[in-house]
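Structure at a glance
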Amino acid sequence: MRIVLLYPPPWKIPAPGEEPDCSGEGPPSNWHASCSFDGDTLHIPCGLLSLAAQVRHAGHEVTVLNLYTFAWRDVCRIIECFPADLFGLSCFTSNRRGVLSTARLVRSTYPHAHITVGGPHASALPREMLEHCAAIDTVVIKEGEETLKDLLARLAAGLPAQNIPGIAWREAEEIKVAAPRVLINDLDGLVSSFLYYDDYIALTSRGCDCTCTFCAAPFLWQGKTRFHSAGYVLDMLEQMISDHGHKAIAFKDDTFTADRERVLQICRGIEKRGLNVLWSCDTRADALDEELLSSMRGAGCQRVSLGVESAAPEILRTLNKRISPAEVLAATAMAKKFGFEIRYYLIAGSREETAETLAETFQFIQEALPTQYIFNPFTFLPGTKEYLIAERDGRIQPEQFFSDDFIECTSAPADPALQRMMENLQANPGVRSGWHYSAAERRAILERFPDVPAVYMDLGAALYGEGNLIEAENMVRKSLAMGYPLPGLGYNYLACIAYAQGNLKATMEHLIHAREQGFHQVVETNLQSVQGWLKADGFRSSRTLNLVAGHSFEITCRRQQPVTPAPITLHDPRLPADAAPLVVVPVDSVLWQRQGGASV
Ligand code: B12
């Protein structure tokens, strides 16, 4: 069968210069053209890539399109060029409105195609999705691989798409929900999406054993974690590195270290297979210990991110986090012994938050000193315990997710002091820098890891920060000679060092060399600064050139379909496949202004 899997835009995005749609399907009322989408929302759902890989492997003809930032005018043209028997749309809370518009568009273009919708938002509100959108035929609830395969088999046999475990459907104007789908027992039985698709995010497990009230994972994955085996993960890593050229990878499992033995096996495997890659992972403060951290650092782990949420015990109780601030402090201190970047994920404004509890969290950051932290405003996500509590208390209704144009559903605090604090945080969203290692601390860490190139780069960076240019250069060169996976960042340091030493020729040579190693934001920024400086006659004027140095674990979002939205080449379906393309639909450049905003 011909299948098109789509990540629809969040709403009908107007093309540059076009008036926004005013029928209720356009941008949110508080949206303005200078806003842009952050790198996290525009990444295609990893599950959609998994679905695509499974059905492609089963012999179907599959196209996956990430339309998240495309102007609506272009979405219409693209849909016209991709006829299919089944369209599958992935629905998060953030793009729920665009999903409905896209389903209607597909229905009007292909009256006989089957339209199915899945994903975290649709899984929580399947009846409502069908009630509000006659264009949708079925909703796939929760894990989708097996359900989609059954659905395709049913459609191929010309049978009605009804009563398949894991779906909701419409039958004679009535909405029905079938029995739940049993979760896949052996995740290793799934074809890795990296066989067909390139991505920098890797998931090595599904679900979480915890029951945090703000998270939809307990609902989506039934409160338990299933893991891919270490061997499967290592093969997956090899595919990412060898087939797709990745040198920095983000493991985004809910709790990557939930099974410590498996992580130790993965780390040993990385070393044994000689996989030269930097990586990060997300986990909990109570799922770390020294042996584990030491292995992870030796195997290329550069950053550990912890779900901290709050430092106020009463808020942690409300959220059912089951981690104390003391445990976070201990985990942070432990991770610092091995030189990790330590990032905290924090929530501001959850139920029962007060100006005092939020101040307590601010104070805690000053004590615990993570290297980075991010505050997200509390949001109600359908499927979470918080959502159920708010619905029970009459503070929220499912209908709002269809009638209101918010991107994420937040609640304004009654206390003006808390409101002000929240506004200040929101005025400056994203990753915040915190504590830095000194050169002396980095030197002590190097003694533990004399064979790890990244540890030399860390020391070089600290020395550079402290103005010790000669030693900094030695360490950066040593790291490069040992095979540091992101040499462009090393050459960028050399450029900064050369400039600080007054050697402009070497500065330029290093920057050009840095650019040849692949795209890095710091290198691009520096090259632009040099150009601006030269234009302003920097040699003769007293203007100083400001160069930025840094090698903080960074993933560079490449602009490529379907991982991130990128230009799509359209072919006339009536002409042979090798005929010249009809047109290439670019991505509206305005919407890419802040594409570097990914926090992975
Ligand atoms: C990895 C991850 C990320 C990664 C990658 C996200 C991505 N695009 O896949 C990054 C870091 C980029 C990310 C970002 C964010 N995330 Co996130 N993330 C996760 C996490 C931990 C795992 C998701 C995952 O890949 N699971 C495994 C795959 C297999 O599952 P899946 O993608 O859901 O797909 C399966 C089914 O949903 C279904 N399915 C999905 N689409 C479709 C389509 C069709 C046609 C069919 C048939 C089936 C189907 O089948 C798939 C295969 O089984 C989950 C928590 C969790 N444990 O689920 C949160 C989660 C998905 N994230 C969430 C949120 C809120 C966010 C953010 C808004 C961050 C924030 N500020 O809080 C951003 C933006 C997300 C967005 N697009 O709007 C929520 C989403 C809830 C919602 N209702 O929208 C979750 C559930 C966590 C939570 N807080 O409850 N996230």
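As shown above, the structure is provided for reference.
What comes next concerns the included structure. (Residues numbered from 1 in each chain as written. Predicted model: local features only at pLDDT ≥ 70, side-chain atom pairs only at ≥ 80, totals over all residues. Heavy atoms only, no water.)

What about the overall build of the protein?
Stated precisely, the cut-off is as follows: Secondary structure elements follow DSSP: runs of H or I no shorter than four residues count as helices, runs of E no shorter than two count as strands, and numbering proceeds from the N terminus. Each radius of gyration is computed over the set of C-alpha atoms, and the globule rule expresses the reference value as 2.2 Å times the number of residues to the power 0.38. Each residue gets one of three labels from its accessible area relative to the maximum for its type: buried under 20%, exposed over 50%, partly exposed in between, using a 1.4 Å probe on protein chains only. Contact definition: two residues touch when any of their heavy atoms are within 4.5 Å. Here, Shrake-Rupley sampling with a 1.4 Å probe gives the accessible areas, and only protein chains in the shown set may cover a residue. Charged residues are defined narrowly, with Lys and Arg counted positive, Asp and Glu counted negative, and His plus the chain ends left uncounted. For charged residues, the charge sits on one atom: NZ in Lys, CZ in Arg, CG in Asp, CD in Glu.
What the protein contains, in helices and strands, is 22 helices and 18 strands. A compact globule built from 600 residues would reach a C-alpha radius of gyration of about 25 Å, and the protein, at 25 Å, matches this within 12%. In terms of overall dimensions, the protein has C-alpha extents of about 75 × 60 × 50 Å along its principal axes. Taking all 600 residues of the protein together, the buried fraction comes to 55%. Of the contacts made within the protein by residues no fewer than 6 positions apart, 72% connect residues no fewer than 24 positions apart. Accessible surface, the protein as shown: approximately 25400 Å² in total, 51% of it carbon and sulfur. Of the side chains in the protein, 55 bear a positive and 71 a negative charge, and the two mean positions are spaced by 2 Å.

Considering unusual backbone geometry
One can expect most non-glycine residues to show negative phi and most peptide bonds to be in trans. Here the residue pair Gln561 and Pro562 is connected by a cis peptide bond, since its omega of -10 degrees sits within 30 degrees of zero. Phi at Glu173 is positive, roughly 70 degrees, even though this residue is not glycine. Along the chain, Glu173 falls in the loop between β6 (167-171) and β7 (174-177). Since its relative accessible area comes to 75%, Glu173 is described here as exposed.

A look at the site of the ligand
The condition that has to hold: For this description, a residue counts as near a given molecule or strand if any of its non-hydrogen atoms is within 4 Å of it. For the purposes of these results, a polar contact is taken to be a pair of N or O atoms within 3.5 Å, where, inside protein, one atom must be able to donate a hydrogen and its partner to accept one; residues adjacent in sequence count only when each atom of the pair is a side-chain atom.
Around the ligand, a shell composed of 39 residues is seen, among which Cys46, Ser90, Ser94, Glu145 and Ala216 lie nearest. Within the contact set of the ligand, a nitrogen atom lies 3.5 Å away from a backbone nitrogen or oxygen of Pro45. A distance of 2.5 Å separates an oxygen atom of the ligand from a polar atom in the side chain of Ser94. Among the elements of the structure, α1 (46-57), β3 (86-90), α4 (120-124) and α7 (217-221) are those that each provide at least two residues to the shell around the ligand.

Section: the packing of aromatic side chains
This is how the line gets drawn: Paired rings are identified among Phe, Tyr and Trp, the last through its six-membered ring, by centres lying within 6.5 Å, and are further divided according to the angle between planes into stacked (under 30 degrees), edge-to-face (over 60) and tilted (the rest). When the NZ atom of lysine or the CZ atom of arginine is within 6 Å of a ring's centre and also within 35 degrees of its normal, the charge is said to sit over that ring.
Per the counting criterion, the structure on display carries 16 aromatic pairs. Ring plane angle 15 degrees and centroid distance 4.6 Å describe the contact between Phe251 and Phe256, whose orientation is recorded as stacked. Looking at Phe256, the relative accessible area reads 0%, which means it is buried. Between Tyr373 and Phe375 the ring centres are 6.2 Å apart and the planes differ by 90 degrees, which places this aromatic pair in the edge-to-face class. On the basis of relative accessibility, which here comes to 16%, the residue Tyr373 falls in the buried class. Linked through ring pairs, Tyr7, Tyr68 and Phe92 together constitute an aromatic cluster. Note that Arg297 overlies the ring of Phe340, its terminal NZ or CZ placed 6.0 Å from the centroid. If you follow Arg442 out to its NZ or CZ, it ends over the ring of Tyr437, 3.8 Å from the centre.

A word on helix α14 (residues 385-392)
Rules: By construction, the arc corresponds to the directions joining the helix axis to the C-beta atoms.
Among all positions in α14, only Glu386, Tyr387, Ile389 and Ala390 are buried. All buried residues of α14 fall inside an arc of 160 degrees around its axis, so they share one side. Elements that come into contact with the buried residues of α14 comprise α11 (313-318) and α15 (400-403). In the segment just after α14, Gly394 is the residue with positive phi, at about 75 degrees.

Quick look at the packing of helix α17 (residues 439-448) against helix α18 (residues 453-465)
Put simply, the rule reads: Note on geometry: axes are lines fitted to C-alpha atoms, helical ones only across the stretch in contact, with angles between N-to-C directions running from 0 to 180 degrees. Oblique is the label for every angle not falling under 35 degrees (roughly parallel), over 145 degrees (roughly antiparallel), or within 65 to 115 degrees (roughly perpendicular). Two helices that cross are described as forming a left-handed crossing if the nearer one is turned anticlockwise from the farther one by less than a right angle, and a right-handed crossing if clockwise. Residues are sorted three ways: Asp, Glu, Lys and Arg are charged, Ala, Val, Leu, Ile, Met, Phe, Trp, Tyr, Cys and Pro are nonpolar, and all the rest, Gly among them, are polar.
For the pair α17 and α18, the least separation of the axes is 8 Å and the interaxial angle reads 165 degrees. On the basis of their axis angle, the class for α17 and α18 is roughly antiparallel. For the element pair α17 and α18, the recorded crossing hand is left-handed. Contacts between α17 and α18 involve Ala439, Arg442, Arg443, Ile445 and Leu446 on the former and, on the latter, Val455, Tyr456, Asp458, Leu459, Ala462 and Leu463. When grouped by side-chain class, the residues that make up the contact of α17 with α18 number eight nonpolar, no polar and three charged.

Let's talk about the nonpolar core
For the record, the criterion: Here, nonpolar core refers to any group of buried Ala, Val, Leu, Ile, Met, Phe, Trp, Tyr and Cys residues whose side-chain atoms link them within 4.5 Å.
Counting 132 residues, the largest nonpolar core has Val64, Trp279, Met296, Leu306, Phe340 and Tyr344 as its most contacted members. Tyr344 has contacts with Leu306, Val308, Val328, Thr332, Phe364, Ala368, Pro370, Gln372, Tyr373 and Ile374, leaving out every residue within four places of it along the chain. By size, the runner-up hydrophobic cluster in this structure holds 57 residues, among which are Phe70, Cys91, Ala103 and Cys208.

Some details on the sheet that holds β6
To keep things clear, this is the line we draw: Pairing between two strands requires that DSSP report at least two bridges joining them.
Strands sit in the order β2-β1-β3-β4-β5-β6-β7 across an open sheet of seven strands; the sheet is mixed. If you trace the sheet from one side to the other, it starts and ends with β2 (61-66) and β7, each paired once. Taking the axes of each pair of neighbouring strands and ignoring which way they run, one obtains an average angle of 20 degrees across the sheet. Where strand β1 (residues 2-7) meets β2, six bridges bridge the pair, whose relative direction is parallel.

Some words on the side chain of Thr507
Of note, Thr507 is situated in helix α21 (residues 504-516). Looking at Thr507, the relative accessible area reads 1%, which means it is buried. Sequence-distant contacts of Thr507, that is, excluding residues within four places in its chain, are made with Ala495, Ala498, Tyr499 and Leu547.

Digging into the packing of helix α12 (residues 325-337) against helix α13 (residues 355-368)
Axes are the key here: two packed helices are described by the angle between their axes and the distance separating the axes. It is at 10 Å that the axes of α12 and α13 come closest, and there the two elements cross at 30 degrees. Taken together, the axes of α12 and α13 are roughly parallel relative to one another. The handedness of the crossing between α12 and α13 comes out as right-handed. In contact with Pro325, Val328, Leu329, Thr332 and Lys336 of α12, α13 contributes Phe364, Glu367 and Ala368. Taken together, the residues of the contact of α12 with α13 break down into five nonpolar, one polar and two charged.

Looking at the side chain of Glu341
Rules: By definition here, a salt bridge exists when the distance from a side-chain nitrogen of Lys or Arg to a carboxyl oxygen of Asp or Glu is within 4 Å.
One can find Glu341 in strand β14 (residues 341-348). Buried charge Glu341 goes without a salt bridge, the closest partner of opposite sign being Arg303 at 5.1 Å. A distance of 3.3 Å separates the side chain of Glu341 from the side chain of Ser552, its partner in a polar contact. Among all residues touching Glu341, those that are not within four sequence positions of it are Gln302, Arg303, Val304, Thr371, Gln372, Ser552 and Phe553.

Remarks on helix α20 (residues 487-500)
Spelled out, the test is: One less than the number of residues in a helix, times 1.5 Å, gives the span that helix is expected to have.
Here α20 spans 20 Å end to end across 14 residues, near enough to the 20 Å set by a 1.5 Å rise per residue. Taking burial as the measure, the 14 residues of α20 include twelve buried ones, the bulk of the element. The set of residues buried in α20 consists of Pro487, Gly488, Leu489, Gly490, Tyr491, Asn492, Tyr493, Leu494, Ala495, Cys496, Ile497 and Ala498. Looking at the buried side of α20, the elements it contacts are α18, α19 (469-481), α21 and α22 (521-535).

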